[in-house]
Amino acid sequence: PEFEAAKESFCRSNCGQFEETGENRLVYTDLFNEYTKLIEGILEQKLVAAVPGFSMGAFMKTLDGARKDELALDVFDLLSSLGDFATFKELMLAYRKDAASAAEP
């Protein structure tokens, strides 16, 4: 719940910055970095609390070596998308579209 709430809040608060154009404004990179830091921070906090001796660095090395079929597909997709700017931009544009649709009478 905390993860989804943070993601939802961030996306709703910042989706207005994004436009469906081929160009990427500098603010997109800043927001992508902020989003990545937010999500990684929440994940790391939860994993440190749940797994004794957890290390994000070791975890990332394990993920790099893992095969996609060894991980739950939705978990793999989520973790992969955290470092993918194009996926982030698509997410933000989807939130913007939803916000625009909700605002229409």
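A few points on the structure. (Residues numbered from 1 in each chain as written. Predicted model: local features only at pLDDT ≥ 70, side-chain atom pairs only at ≥ 80, totals over all residues. Heavy atoms only, no water.)

In this section: the pattern of salt bridges. With the rule as written, the count across this model stands at 3 salt bridges. R12 serves as the salt-bridge partner of E8, at 2.6 Å between the closest nitrogen and oxygen. Highlighted residues: E8 and R12, both in helix α1 (residues 2-14), separated by 4 residues, approximately one helical turn. With its nearest N and O atoms 4.0 Å apart, the salt bridge here joins R25 to E19. The class for R25 is partly exposed, based on a relative accessible area of 36%. (Salt bridge = Lys/Arg side-chain N within 4 Å of Asp/Glu carboxyl O. Helix = DSSP H or I, 4+ residues; strand = E, 2+ residues; numbered from the N terminus. Buried < 20%, exposed > 50% of the residue type's maximum accessible area, 1.4 Å probe, protein only.)

A pair of packed helices is captured by two measures, namely the crossing angle of their axes and the spacing between those axes. Two elements in contact, helix α2 (residues 26-50) and helix α5 (residues 85-103), have axes separated by 11 Å at closest approach and are oriented at 95 degrees. The orientation of α2 with respect to α5, classified from their angle, is roughly perpendicular. Judged by residue contacts, Y28, T29, L31, F32 and Y35 of α2 engage F85, F88, K89 and L91 from α5. When the residues that make up the contact of α2 with α5 are grouped by side-chain class, the tally is 7 nonpolar, 1 polar and 1 charged. (Axes fitted to C-alpha atoms, helices over the stretch in contact; angles between N-to-C directions. Parallel < 35°, antiparallel > 145°, perpendicular 65-115°, else oblique. Contact = heavy atoms within 4.5 Å. Nonpolar A, V, L, I, M, F, W, Y, C, P; charged D, E, K, R; others polar.)

With that out of the way, let us pick up the packing of aromatic side chains. Between two aromatic rings, the relevant description is the distance of the centres plus the angle of the planes. Applying the stated criterion across every chain yields a total of 7 aromatic pairs. The interplanar angle of 15 degrees and the centroid separation of 4.3 Å between the aromatic rings of F18 and Y28 together place this pair among those described as stacked. You can see F18 sitting in the loop between α1 and α2 and its partner Y28 sitting in helix α2, a full 10 residues away along the chain. There is no split in this pair, since F18 and Y28 are both buried. With 5.1 Å between their ring centres and 40 degrees between their planes, Y35 and F88 make a pair best called tilted. On the criterion of sequence distance, the pair formed by Y35 in helix α2 and F88 in helix α5 is long-range, its members being 53 residues apart. Note on accessibility: Y35 and F88 belong to one class, buried. Grouping aromatic residues by their ring pairs yields a cluster made of F10, F18, Y28, F32, Y35, F85 and F88. (Phe/Tyr/Trp six-rings, centres within 6.5 Å; stacked < 30°, edge-to-face > 60°.)

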